[in-house]
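Structure assessment
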Amino acid sequence: MKELLDYRNENLWTEISNNYNVSFENSLSKEYGCFAQNNNVTFYIDKNNLCKSSFTHEMLHVYLRLKDCFISGGLNNTINQNSILSSIFSQALLEHMGNCLDHIKMFPVYINLGFEKEKFLLDFNENKCTQEELSILKNNYKIHSLINKKAVDFYIGKLFAILADPNTEFDYTQELNEFKQIDPILFEANNKMIQSWKEIKLENRKIWDDDYHTVLFEYYQDLEKWISINNIN
């Protein structure tokens, strides 16, 4: 643990270890990760590359659980109650969206602890949407009057990656305008959802004001409206 903890993250570790049964496993992918269920948390660590920043990142995923914030699981439940939406949103997309939503809340805490922003994500310095990807999306999103489900999956995944990108060095103004042109209603539904989520407090929460369930409910309503006016294949 001496290689994973210092004065910046030891209080976070103490809070987690006092509330959960914690275990460690070596990461076969050489990437850090965590899995939490009930009162059990497993951290996946690269034993050949012990990194305080990466470990802190994973602890912050658990930190959201400590704050009774389960937006990733709530998103899964919200989407899977609708047969059309569940046929559009792949499991990989839902996991990606959940990660993005977590990262939005984790990043300010990570910075306040004193860690370097560049080490927050492995792809921190990578542009989250290239012009080539945008061209592929525009060419495949709609065929005649039918919206392509696979293209919707790609659209939402890329849009979430852009809107949740913690690297402020990237200017996505042009890309966001193009996403809005491709599908203005779906763009607004996802943008509104993320902006509403950013307003939710983790500390000193007032349940009636800072309930992430409301964010998910409104997102679901907006997606239902989008479905009702489109032909989706």
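Everything below is about the structure printed above this text.
Residues numbered from 1 in each chain as written. Predicted model: local features only at pLDDT ≥ 70, side-chain atom pairs only at ≥ 80, totals over all residues. Heavy atoms only, no water.

**Things to note about the overall build of the protein**
Scanning the protein from N- to C-terminus turns up 10 helices and 6 strands. Against the globule reference of 17 Å for 233 residues, the protein gives a C-alpha radius of gyration of 19 Å, in line with a compact fold. Taken over the C-alpha atoms alone, the protein extends approximately 60 × 40 × 30 Å along its principal axes. Classification of the 233 residues of the protein by burial places 47% in the buried group. Of the contacts formed within the protein by residues at least 6 apart in sequence, a portion of 65% connects residues at least 24 apart. Of the roughly 12,700 Å² that the protein leaves accessible, carbon and sulfur atoms contribute 46%. (Helix = DSSP H or I, 4+ residues; strand = E, 2+ residues; numbered from the N terminus. Rg over C-alpha atoms; globule rule 2.2 N^0.38 Å. Buried < 20%, exposed > 50% of the residue type's maximum accessible area, 1.4 Å probe, protein only. Contact = heavy atoms within 4.5 Å. Areas by Shrake-Rupley, 256 points an atom, 1.4 Å probe, with all protein chains shown as cover.)

**Some points on the sheet that holds strand β4 (residues 142–143)**
Strand order in the open sheet formed by 3 strands is β4-β5-β6, and the pairing between neighbours is mixed. Only two strands of the sheet have a single neighbouring strand rather than two, namely β4 and β6 (231–232). Across 2 bridges, the pairing between strand β5 (residues 146–147) and β6 is parallel. Counterpart to Ile-147 in the pairing with β6 is Ile-232. (Pairing = 2+ DSSP bridges.)

**Description of unusual backbone geometry**
For Asn-38, which is not glycine, the phi dihedral falls at a positive 55°. You can see Asn-38 is positioned in the loop between β2 (33–37) and β3 (40–45).

**Things to note about the nonpolar core**
Grouped together as the largest cluster of nonpolar side chains are 70 residues, with contacts concentrated most on Phe-89, Tyr-141, Tyr-155, Ile-156 and Tyr-219. Here this core gets 9 residues from one element, more than from any other, and that element is helix α5 (residues 91–112). Every residue in contact with Tyr-155, bar those within four places of it in the chain, is listed here: Leu-137, Tyr-141, Phe-179, Lys-180, Ile-182, Asp-183, Leu-186 and Phe-187. (Core = buried A, V, L, I, M, F, W, Y, C linked by side-chain atoms within 4.5 Å.)

**Quick notes on the packing of helix α3 (residues 71–80) against α5**
Put simply, α3 and α5 touch, their axes get as near as 9 Å, and they point 145° apart. Two packed elements cross with a definite hand, and for α3 against α5 that hand is right-handed. Contact residues: α3 offers Ile-71, Ser-72, Leu-75, Asn-76 and Ile-79, while α5 offers Gln-91, Leu-94, Met-97, Gly-98, Leu-101 and Asp-102. Looking at the contact of α3 with α5, its residues break down into 6 nonpolar, 4 polar and 1 charged. (Axes fitted to C-alpha atoms, helices over the stretch in contact; angles between N-to-C directions. Left-handed = near helix turned anticlockwise from the far one by under 90°. Nonpolar A, V, L, I, M, F, W, Y, C, P; charged D, E, K, R; others polar.)

**Looking at the sheet that holds β2**
If you trace the 3 strands from one edge of the open sheet to the other, you get β1-β3-β2, paired in mixed fashion. Looking at strand neighbours, the two that pair on one side only are β1 (21–26) and β2, the edges of this open sheet. Going from strand to strand, the sheet's axes swing by 20° on average, the running direction of each strand aside. Bridge count for β2 against β3 is 5 bridges, and the pairing is antiparallel.

**Here's the deal with the side chain of Asp-46**
Inspection of the secondary structure puts Asp-46 in the loop between β3 and α2 (52–66). Although Asp-46 is buried, it makes no salt bridge; Lys-30 carries the closest opposite charge, 6.4 Å away. With sequence-adjacent residues up to four places away left out, Asp-46 is seen in contact with Asn-26, Ser-27, Lys-30 and Tyr-32. (Lys, Arg positive; Asp, Glu negative; His and termini not counted. Salt bridge = Lys/Arg side-chain N within 4 Å of Asp/Glu carboxyl O.)

**A short note on the pattern of salt bridges**
Considering all chains together, one arrives at 7 salt bridges under this definition. Its salt-bridge partner being Asp-165, residue Lys-128 comes within 3.4 Å of it at the nearest N-O pair. With Lys-128 in the loop between α5 and α6 (131–140) and Asp-165 in the loop between α7 (149–163) and α8 (173–182), this residue pair connects regions lying 37 residues apart in the sequence. For Lys-128, a relative accessible area of 9% puts it in the buried group. Exposure remark for Asp-165: the relative accessible area of 12% places this residue in the buried category.

**So, the packing of aromatic side chains**
Tallied over the full model, the rule gives 11 aromatic pairs. By the ring-pair criterion, three or more aromatic residues cluster together here, those being Trp-13, Phe-24, Phe-43 and Phe-55. Positioned over the ring face of Phe-115 is Arg-8, at 3.9 Å from the centre of the ring. The cationic tip of Lys-105 hangs over the ring face of Trp-197; the distance from NZ or CZ to the ring centre is 5.1 Å. (Phe/Tyr/Trp six-rings, centres within 6.5 Å; stacked < 30°, edge-to-face > 60°. Lys NZ or Arg CZ within 6 Å of the ring centre and 35° of its normal.)

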